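Chains, contacts and geometry: an overview
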Amino acid sequence: MKHTEAMNENYLFRRLYRIGTCKVTPHIAVYYRGNKLGHNRLGITTTKKIGNAVQRNRARRLIAEAYRLLETDLPSGLDIVIVARKKAVYAKMQDVRSSLRQAFGSANA
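On a predicted model such as this, the values are computed, not experimentally measured, just so you know. (Residues numbered from 1 in each chain as written. Predicted model: local features only at pLDDT ≥ 70, side-chain atom pairs only at ≥ 80, totals over all residues. Heavy atoms only, no water.)

Attention now goes to the packing of helix H2 (residues 53-70) against helix H3 (residues 93-103). For the pair H2 and H3, interaxial distance at closest approach is 9 Å and the crossing angle is 60 degrees. Overall, the two elements H2 and H3 adopt an arrangement that is oblique. As for how H2 packs across H3, the hand of that crossing is right-handed. Contact with H2, carried on its side by Leu62, Ile63, Glu65, Ala66, Tyr67, Leu69 and Leu70, involves Met93, Val96, Arg97, Leu100 and Arg101 of H3 and no other residues of that element. For the contact of H2 with H3, a count of residues per class yields nine nonpolar, no polar and three charged. (Axes fitted to C-alpha atoms, helices over the stretch in contact; angles between N-to-C directions. Helix = DSSP H or I, 4+ residues; strand = E, 2+ residues; numbered from the N terminus. Parallel < 35°, antiparallel > 145°, perpendicular 65-115°, else oblique. Left-handed = near helix turned anticlockwise from the far one by under 90°. Contact = heavy atoms within 4.5 Å. Nonpolar A, V, L, I, M, F, W, Y, C, P; charged D, E, K, R; others polar.)

As summarised here, the arrangement of the five strands in space is E1-E4-E5-E3-E2, forming an open sheet in which the pairing is mixed. Edge positions in the open sheet fall to strand E1 (4-6) and strand E2 (21-24), since each of these has one partner strand only. Within this sheet the neighbouring strands show an average axis-to-axis angle of 25 degrees, counted without direction. Where E2 and strand E3 (residues 28-34) come together, four bridges link them in antiparallel fashion. If you follow Thr21 over to E3, its bridge partner there is Tyr32. Packing of H3 onto the sheet brings it into contact with E2, E3 and strand E5 (78-84), and relative to E3 it is tilted by some 35 degrees. (Pairing = 2+ DSSP bridges.)

Shown next as structure tokens:
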């Protein structure tokens, strides 16, 4: 991810949950809000509800790879939190990628 840095601070996640825009697809939920940095900050979360550690890590890897492939098509200057949903565990890469594209469809406009 060339133009994206990791978002690790809990207060940034909580702020996005509270005042960010939310788009929900069958595989992921995306919270985003503009920042004034000129580059994106990305956080990926998975909960214990979606499965054991192996399943959560697979969901995280799929989401990270889908984001990496779409990174150049997405707008810059955003704080983004992607939350994996239960269907993400069993999804294929193309499904997660299309869900991410669908979630950011209105963000491009």
